[in-house]
Amino acid sequence: MPGGRLTNDDRRQIAEWVADGLAYAEIARRLERPTSTISREVARNAAPSGGYLAEVAQESAGLRARRRKAPRLVEDVTGGRPGRETEEMRAFVDEFAALLAATGMPRMTARVFVCLLTADVSGLTSAELVERLRVSPASVSKSIAALEAMELVVRRSDPGGRRERYVIEDDVWLQAWQADTGAHAEIATAAQRGIAIFGAESTAGIRLDGMGRFFARLSEHMGGSGLADAVVHDALSVLAGLVQAGRPLTEDALAAGLDWPRERITAAVEALRAEPAIADPFALNAVEAGKYGVVARPDRLSPRQCAALAQG
(Lines give C-alpha, C1' and ligand atoms only; values in the text may rest on other atoms or scores of the structure.)
Protein backbone atom coordinates (compact mmCIF):
# COMPACT_ATOMS: atom_id res chain seq x y z
CA MET A 1 0.00 0.00 0.00
CA PRO A 2 1.20 3.59 -0.61
CA GLY A 3 3.31 4.81 2.26
CA GLY A 4 3.74 1.31 3.71
CA ARG A 5 6.74 -1.01 3.59
CA LEU A 6 8.33 -1.63 0.22
CA THR A 7 7.26 -4.88 -1.44
CA ASN A 8 9.25 -7.19 -3.67
CA ASP A 9 7.48 -5.71 -6.71
CA ASP A 10 8.37 -2.21 -5.50
CA ARG A 11 12.02 -3.18 -5.28
CA ARG A 12 12.01 -4.65 -8.78
CA GLN A 13 10.55 -1.39 -10.08
CA ILE A 14 13.17 0.62 -8.23
CA ALA A 15 15.92 -1.52 -9.80
CA GLU A 16 14.53 -0.91 -13.29
CA TRP A 17 14.08 2.83 -12.81
CA VAL A 18 17.52 3.27 -11.23
CA ALA A 19 19.00 1.42 -14.22
CA ASP A 20 17.07 3.79 -16.51
CA GLY A 21 18.58 6.78 -14.74
CA LEU A 22 15.46 8.13 -13.06
CA ALA A 23 15.95 10.52 -10.15
CA TYR A 24 15.02 9.35 -6.67
CA ALA A 25 12.31 12.03 -6.48
CA GLU A 26 10.63 10.71 -9.64
CA ILE A 27 10.82 7.10 -8.39
CA ALA A 28 9.34 8.21 -5.07
CA ARG A 29 6.51 10.03 -6.89
CA ARG A 30 5.64 6.96 -8.95
CA LEU A 31 5.62 4.69 -5.88
CA GLU A 32 3.93 7.30 -3.72
CA ARG A 33 6.73 7.16 -1.15
CA PRO A 34 8.92 9.85 0.43
CA THR A 35 12.10 10.56 -1.51
CA SER A 36 14.10 9.75 1.62
CA THR A 37 12.67 6.22 1.63
CA ILE A 38 13.95 5.61 -1.90
CA SER A 39 17.38 7.14 -1.26
CA ARG A 40 17.90 5.08 1.90
CA GLU A 41 16.74 1.92 0.15
CA VAL A 42 19.14 2.34 -2.76
CA ALA A 43 22.05 3.36 -0.53
CA ARG A 44 21.50 0.37 1.78
CA ASN A 45 21.41 -2.17 -1.03
CA ALA A 46 23.73 -0.72 -3.65
CA ALA A 47 26.03 -3.11 -5.50
CA PRO A 48 29.81 -2.57 -5.16
CA SER A 49 29.96 -1.68 -8.86
CA GLY A 50 26.95 0.63 -8.64
CA GLY A 51 23.25 0.13 -9.23
CA TYR A 52 20.59 -1.38 -7.03
CA LEU A 53 20.02 -5.11 -6.37
CA ALA A 54 16.35 -5.87 -5.84
CA GLU A 55 16.87 -9.52 -4.78
CA VAL A 56 19.50 -8.61 -2.21
CA ALA A 57 17.30 -5.80 -0.91
CA GLN A 58 14.32 -8.11 -0.48
CA GLU A 59 16.40 -10.73 1.35
CA SER A 60 17.90 -8.11 3.65
CA ALA A 61 14.45 -6.75 4.44
CA GLY A 62 13.28 -10.24 5.37
CA LEU A 63 16.21 -10.73 7.71
CA ARG A 64 15.55 -7.42 9.41
CA ALA A 65 11.90 -8.32 9.87
CA ARG A 66 12.76 -11.68 11.43
CA ARG A 67 15.19 -10.02 13.82
CA ARG A 68 12.50 -7.58 14.91
CA LYS A 69 10.05 -10.41 15.55
CA ALA A 70 12.51 -12.69 17.35
CA PRO A 71 11.87 -12.85 21.11
CA ARG A 72 14.57 -11.44 23.33
CA LEU A 73 16.35 -14.13 25.30
CA VAL A 74 18.74 -13.74 28.17
CA GLU A 75 22.29 -14.30 27.02
CA ASP A 76 24.84 -16.08 29.15
CA VAL A 77 27.99 -14.34 30.29
CA THR A 78 29.96 -15.91 27.46
CA GLY A 79 27.90 -14.32 24.72
CA GLY A 80 26.95 -17.81 23.62
CA ARG A 81 23.67 -19.68 23.53
CA PRO A 82 20.58 -18.39 25.35
CA GLY A 83 18.14 -20.34 27.48
CA ARG A 84 18.51 -23.02 30.09
CA GLU A 85 22.30 -23.31 29.72
CA THR A 86 22.88 -19.76 30.89
CA GLU A 87 23.50 -20.61 34.55
CA GLU A 88 25.62 -23.63 33.67
CA MET A 89 27.83 -21.57 31.39
CA ARG A 90 28.07 -18.73 33.91
CA ALA A 91 29.15 -21.27 36.51
CA PHE A 92 31.84 -22.54 34.16
CA VAL A 93 33.26 -19.02 33.76
CA ASP A 94 33.47 -18.65 37.54
CA GLU A 95 34.97 -22.12 38.00
CA PHE A 96 37.60 -21.64 35.29
CA ALA A 97 38.42 -18.18 36.64
CA ALA A 98 38.98 -19.69 40.09
CA LEU A 99 41.47 -22.17 38.62
CA LEU A 100 43.39 -19.33 36.95
CA ALA A 101 43.29 -17.32 40.15
CA ALA A 102 44.91 -20.25 41.95
CA THR A 103 47.93 -19.85 39.63
CA GLY A 104 48.39 -16.24 40.76
CA MET A 105 46.18 -14.28 38.35
CA PRO A 106 43.92 -11.79 40.21
CA ARG A 107 40.41 -13.19 40.41
CA MET A 108 38.72 -10.25 38.67
CA THR A 109 41.29 -10.36 35.88
CA ALA A 110 40.72 -14.10 35.55
CA ARG A 111 36.94 -13.59 35.25
CA VAL A 112 37.39 -10.99 32.50
CA PHE A 113 39.85 -13.27 30.70
CA VAL A 114 37.55 -16.30 30.76
CA CYS A 115 34.59 -14.18 29.69
CA LEU A 116 36.57 -13.04 26.64
CA LEU A 117 37.94 -16.53 26.08
CA THR A 118 34.44 -17.95 25.74
CA ALA A 119 33.01 -15.02 23.72
CA ASP A 120 32.62 -15.15 19.96
CA VAL A 121 35.32 -14.09 17.52
CA SER A 122 34.31 -10.41 17.54
CA GLY A 123 35.14 -10.09 21.25
CA LEU A 124 33.37 -7.84 23.74
CA THR A 125 33.26 -4.15 24.55
CA SER A 126 33.93 -2.78 28.02
CA ALA A 127 30.21 -2.13 28.48
CA GLU A 128 29.37 -5.72 27.53
CA LEU A 129 31.90 -7.05 30.02
CA VAL A 130 30.42 -4.85 32.74
CA GLU A 131 26.93 -6.12 31.96
CA ARG A 132 27.82 -9.80 31.73
CA LEU A 133 30.08 -9.93 34.75
CA ARG A 134 27.95 -7.50 36.76
CA VAL A 135 30.94 -5.51 37.95
CA SER A 136 32.03 -1.88 37.82
CA PRO A 137 33.64 -0.28 34.73
CA ALA A 138 36.74 0.43 36.82
CA SER A 139 37.17 -3.27 37.61
CA VAL A 140 36.95 -4.16 33.93
CA SER A 141 39.37 -1.40 32.94
CA LYS A 142 41.96 -2.50 35.50
CA SER A 143 41.66 -6.14 34.44
CA ILE A 144 41.97 -5.30 30.73
CA ALA A 145 45.14 -3.32 31.46
CA ALA A 146 46.61 -6.32 33.29
CA LEU A 147 45.69 -8.71 30.47
CA GLU A 148 47.21 -6.38 27.88
CA ALA A 149 50.43 -6.25 29.89
CA MET A 150 50.53 -10.06 29.76
CA GLU A 151 49.80 -9.91 25.99
CA LEU A 152 46.69 -12.02 26.45
CA VAL A 153 44.21 -9.50 25.02
CA VAL A 154 44.25 -7.15 22.04
CA ARG A 155 42.10 -4.12 21.22
CA ARG A 156 40.18 -3.75 17.98
CA SER A 157 38.00 -0.90 16.81
CA ASP A 158 34.46 -1.39 15.58
CA PRO A 159 33.98 -0.70 11.86
CA GLY A 160 32.71 2.77 12.76
CA GLY A 161 35.65 3.35 15.08
CA ARG A 162 33.39 4.55 17.88
CA ARG A 163 34.00 1.70 20.32
CA GLU A 164 36.84 -0.63 21.16
CA ARG A 165 36.37 -4.36 21.45
CA TYR A 166 38.64 -6.68 23.40
CA VAL A 167 39.61 -9.91 21.69
CA ILE A 168 41.59 -13.03 22.53
CA GLU A 169 43.35 -14.20 19.40
CA ASP A 170 43.74 -17.85 18.42
CA ASP A 171 47.51 -17.84 19.02
CA VAL A 172 47.25 -16.18 22.43
CA TRP A 173 49.01 -19.06 24.18
CA LEU A 174 51.98 -18.89 21.84
CA GLN A 175 52.22 -15.12 22.35
CA ALA A 176 52.06 -15.46 26.13
CA TRP A 177 54.56 -18.31 26.02
CA GLN A 178 57.05 -16.24 24.04
CA ALA A 179 56.52 -13.21 26.26
CA ASP A 180 57.28 -15.30 29.35
CA THR A 181 60.39 -16.68 27.69
CA GLY A 182 61.97 -13.23 27.65
CA ALA A 183 61.22 -12.74 31.33
CA HIS A 184 62.67 -16.14 32.21
CA ALA A 185 65.90 -15.34 30.40
CA GLU A 186 66.19 -12.05 32.29
CA ILE A 187 65.70 -13.84 35.61
CA ALA A 188 68.43 -16.33 34.72
CA THR A 189 70.82 -13.49 33.84
CA ALA A 190 70.02 -11.63 37.05
CA ALA A 191 70.65 -14.80 39.06
CA GLN A 192 74.14 -15.08 37.58
CA ARG A 193 74.88 -11.50 38.64
CA GLY A 194 73.69 -12.36 42.13
CA ILE A 195 76.02 -15.37 42.32
CA ALA A 196 78.97 -13.12 41.48
CA ILE A 197 77.94 -10.71 44.22
CA PHE A 198 77.19 -13.18 47.04
CA GLY A 199 79.64 -15.91 46.07
CA ALA A 200 78.95 -19.32 44.56
CA GLU A 201 79.45 -21.19 47.85
CA SER A 202 77.25 -18.92 49.97
CA THR A 203 73.68 -19.87 50.84
CA ALA A 204 72.39 -17.09 48.59
CA GLY A 205 74.73 -18.13 45.79
CA ILE A 206 73.60 -21.76 45.93
CA ARG A 207 69.94 -20.73 45.84
CA LEU A 208 70.53 -18.29 43.01
CA ASP A 209 72.47 -20.92 41.07
CA GLY A 210 69.58 -23.37 41.25
CA MET A 211 67.05 -20.72 40.32
CA GLY A 212 69.19 -19.39 37.47
CA ARG A 213 69.71 -22.84 35.96
CA PHE A 214 66.00 -23.60 36.20
CA PHE A 215 64.91 -20.41 34.45
CA ALA A 216 67.66 -20.69 31.82
CA ARG A 217 66.42 -24.17 30.83
CA LEU A 218 62.81 -22.98 30.95
CA SER A 219 63.64 -20.09 28.65
CA GLU A 220 65.43 -22.34 26.18
CA HIS A 221 62.68 -24.93 26.01
CA MET A 222 59.80 -22.46 25.95
CA GLY A 223 61.48 -20.45 23.25
CA GLY A 224 61.40 -23.45 20.96
CA SER A 225 63.87 -24.25 18.22
CA GLY A 226 63.92 -22.29 15.02
CA LEU A 227 65.79 -25.12 13.35
CA ALA A 228 64.26 -27.47 10.83
CA ASP A 229 63.38 -30.92 12.16
CA ALA A 230 65.94 -32.53 9.86
CA VAL A 231 68.76 -30.39 11.27
CA VAL A 232 67.73 -31.20 14.85
CA HIS A 233 67.66 -34.90 13.98
CA ASP A 234 71.14 -34.66 12.49
CA ALA A 235 72.44 -32.82 15.57
CA LEU A 236 71.18 -35.58 17.87
CA SER A 237 72.68 -38.22 15.58
CA VAL A 238 76.07 -36.49 15.87
CA LEU A 239 75.80 -36.62 19.66
CA ALA A 240 74.86 -40.29 19.51
CA GLY A 241 77.86 -40.93 17.28
CA LEU A 242 80.22 -39.25 19.74
CA VAL A 243 78.75 -41.23 22.65
CA GLN A 244 79.13 -44.45 20.68
CA ALA A 245 82.73 -43.64 19.79
CA GLY A 246 83.58 -42.91 23.42
CA ARG A 247 86.24 -40.39 22.42
CA PRO A 248 86.48 -36.98 20.77
CA LEU A 249 86.21 -37.00 16.98
CA THR A 250 86.88 -34.52 14.20
CA GLU A 251 84.18 -33.51 11.75
CA ASP A 252 85.93 -35.61 9.10
CA ALA A 253 85.88 -38.67 11.37
CA LEU A 254 82.20 -38.11 12.13
CA ALA A 255 81.44 -37.74 8.41
CA ALA A 256 83.23 -41.02 7.68
CA GLY A 257 81.60 -42.86 10.58
CA LEU A 258 78.07 -41.65 9.83
CA ASP A 259 78.62 -41.81 6.07
CA TRP A 260 77.44 -38.23 5.62
CA PRO A 261 78.84 -35.34 3.58
CA ARG A 262 81.12 -33.07 5.56
CA GLU A 263 78.70 -30.15 5.07
CA ARG A 264 75.95 -32.09 6.86
CA ILE A 265 78.18 -32.68 9.87
CA THR A 266 79.18 -28.99 9.96
CA ALA A 267 75.51 -27.92 9.92
CA ALA A 268 74.72 -30.30 12.78
CA VAL A 269 77.66 -29.02 14.87
CA GLU A 270 76.63 -25.40 14.26
CA ALA A 271 73.09 -26.25 15.36
CA LEU A 272 74.37 -27.76 18.62
CA ARG A 273 76.40 -24.63 19.27
CA ALA A 274 73.59 -22.22 18.39
CA GLU A 275 70.83 -23.97 20.35
CA PRO A 276 72.27 -26.10 23.17
CA ALA A 277 68.76 -26.92 24.43
CA ILE A 278 68.22 -29.46 21.66
CA ALA A 279 70.98 -31.62 23.17
CA ASP A 280 69.70 -31.45 26.76
CA PRO A 281 70.87 -33.02 29.09
CA PHE A 282 74.11 -33.27 27.10
CA ALA A 283 76.28 -30.65 25.42
CA LEU A 284 78.78 -30.60 22.63
CA ASN A 285 82.28 -30.01 23.94
CA ALA A 286 85.15 -28.67 21.83
CA VAL A 287 87.97 -30.74 23.33
CA GLU A 288 90.79 -29.47 21.15
CA ALA A 289 91.28 -27.92 17.75
CA GLY A 290 88.77 -29.54 15.40
CA LYS A 291 87.69 -32.28 17.83
CA TYR A 292 84.38 -32.65 19.63
CA GLY A 293 83.19 -34.71 22.54
CA VAL A 294 80.04 -35.00 24.67
CA VAL A 295 79.65 -33.84 28.25
CA ALA A 296 76.77 -33.37 30.66
CA ARG A 297 75.26 -29.89 30.50
CA PRO A 298 77.08 -27.84 33.13
CA ASP A 299 73.86 -26.20 34.31
CA ARG A 300 72.19 -29.54 34.97
CA LEU A 301 74.35 -30.12 38.03
CA SER A 302 75.49 -27.70 40.71
CA PRO A 303 79.21 -27.38 41.52
CA ARG A 304 78.59 -29.29 44.77
CA GLN A 305 76.92 -32.16 42.91
CA CYS A 306 79.71 -32.32 40.37
CA ALA A 307 82.30 -32.48 43.13
CA ALA A 308 80.41 -35.19 44.99
CA LEU A 309 79.98 -37.32 41.87
CA ALA A 310 83.68 -36.92 40.97
CA GLN A 311 84.66 -38.21 44.43
CA GLY A 312 82.27 -41.12 44.24
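Residues numbered from 1 in each chain as written. Predicted model: local features only at pLDDT ≥ 70, side-chain atom pairs only at ≥ 80, totals over all residues. Heavy atoms only, no water.

1. Quick notes on the overall build of the protein chain
Reasoning step 1: Of the regular secondary structure elements, the protein chain holds 14 helices and six strands.
Reasoning step 2: Relative to its full complement of 312 residues, the protein chain shows a buried share of 33%.
Reasoning step 3: When contacts within the protein chain are restricted to residue pairs at least 6 apart in sequence, those whose partners lie at least 24 apart make up 49%.
Reasoning step 4: Carbon and sulfur atoms form 55% of the exposed surface of the protein chain, whose accessible area is close to 19,100 Å². (Helix = DSSP H or I, 4+ residues; strand = E, 2+ residues; numbered from the N terminus. Buried < 20%, exposed > 50% of the residue type's maximum accessible area, 1.4 Å probe, protein only. Contact = heavy atoms within 4.5 Å. Areas by Shrake-Rupley, 256 points an atom, 1.4 Å probe, with all protein chains shown as cover.)

2. Concerning the pairing of strand E6 (residues 291-296)
Reasoning step 1: In this structure, strand E4 (residues 249-250) lies alongside E6, joined through two bridges in antiparallel fashion. Bridged to Thr 250 within E6 is Lys 291.
Reasoning step 2: Of the strand pairs in this sheet, strand E5 (residues 282-288) and E6 are connected by six bridges, and their pairing is antiparallel. Within the sheet, the bridge partner assigned to Ala 286 lies in E6 and is Tyr 292. (Pairing = 2+ DSSP bridges.)

3. As for the pattern of salt bridges
Reasoning step 1: In the structure shown here, the tally under the stated rule is eleven salt bridges.
Reasoning step 2: A salt bridge links Asp 10 to Arg 33; the nearest nitrogen and oxygen atoms lie 3.0 Å apart. Taken together, the residues span a long stretch of sequence, with Asp 10 in helix H1 (residues 8-20) and Arg 33 in the loop between helix H2 (24-31) and helix H3 (35-44) at a distance of 23 residues.
Reasoning step 3: Residue Arg 155 is joined to Glu 164 by a salt bridge in which the shortest nitrogen-to-oxygen separation is 2.7 Å.
Reasoning step 4: Judged by its relative accessible area of 41%, Arg 155 is partly exposed. (Salt bridge = Lys/Arg side-chain N within 4 Å of Asp/Glu carboxyl O.)

4. Quick look at the sheet that holds E4
Reasoning step 1: The strand order across the open sheet built from three strands is E4-E6-E5, with neighbouring strands paired in antiparallel fashion. Two strands close off the open sheet at either side, each with one partner strand: E4 and E5.

5. What to know about the environment of Ile 168
Reasoning step 1: The topology assignment puts Ile 168 in the loop between strand E3 (164-167) and helix H9 (172-198).
Reasoning step 2: Each C-alpha atom, one on Ile 168 and one on Gly 123, is 7.2 Å from the other, the two residues being 45 residues apart in sequence.
Reasoning step 3: Those residues within four positions of Ile 168 in sequence are excluded, and the remaining contacts are Phe 113, Leu 116, Leu 117, Leu 152 and Val 153.

6. Comments concerning the environment of Gly 293
Reasoning step 1: Of note, Gly 293 is situated in strand E6.
Reasoning step 2: Those residues within four positions of Gly 293 in sequence are excluded, and the remaining contacts are Leu 242, Pro 248, Ala 283, Leu 284, Asn 285 and Val 287.

7. Notes on the side chain of Thr 109
Reasoning step 1: Mapped onto the elements of the fold, Thr 109 is located in helix H6 (residues 107-117).
Reasoning step 2: Not counting chain neighbours up to four residues away, the residues in contact with Thr 109 comprise Ser 143, Ala 146, Leu 147 and Met 150.

8. Considering the confidence of the model for the protein chain
Reasoning step 1: Here the protein chain averages 78 in pLDDT, while 75% of its residues score no lower than 70.
Reasoning step 2: The model gives residues 67-85 a pLDDT under 50, and that stretch makes 26 contacts with residues more than four places away or in other chains. (pLDDT = per-residue confidence, 0-100.)

9. Some points on the nonpolar core
Reasoning step 1: Core analysis: the largest hydrophobic core is formed by 23 residues, its most contacted members being Val 112, Phe 113, Leu 116, Leu 129, Ile 144 and Leu 147.
Reasoning step 2: Going through the elements one at a time, helix H5 (86-102), H6, helix H7 (126-133) and helix H8 (137-149) are the ones with two or more residues in this core.
Reasoning step 3: With six residues, the top contributor of residues to this core is H6.
Reasoning step 4: If we skip the residues at most four places from it in the chain, Leu 129 touches Val 112, Cys 115, Leu 116, Leu 124, Arg 134, Val 140, Ile 144 and Tyr 166.
Reasoning step 5: With 18 residues, the next largest nonpolar core counts Ala 235, Trp 260, Ile 278 and Ala 279 among its residues. (Core = buried A, V, L, I, M, F, W, Y, C linked by side-chain atoms within 4.5 Å.)

10. Some points on the sheet that holds strand E1 (residues 124-125)
Reasoning step 1: The strand order across the open sheet formed by three strands is E1-E3-E2, and the pairing between neighbours is antiparallel. Bordering the open sheet on either side are E1 and strand E2 (154-157), each of which pairs with just one other strand.
Reasoning step 2: Pairing of E2 with E3 involves four bridges; the strand directions are antiparallel. Counterpart to Arg 156 in the pairing with E3 is Arg 165.

11. Observations regarding the packing of H1 against H3
Reasoning step 1: Relative to each other, H1 and H3 sit at 85°, their axes nearing to 12 Å. With respect to each other, H1 and H3 are oriented roughly perpendicular. Every residue of H3 that contacts H1 at Arg 11, Ile 14 and Val 18 is listed here: Ile 38, Glu 41 and Val 42.
Reasoning step 2: Tallied by class, the residues present in the contact of H1 with H3 amount to four nonpolar, no polar and two charged. (Axes fitted to C-alpha atoms, helices over the stretch in contact; angles between N-to-C directions. Parallel < 35°, antiparallel > 145°, perpendicular 65-115°, else oblique. Nonpolar A, V, L, I, M, F, W, Y, C, P; charged D, E, K, R; others polar.)

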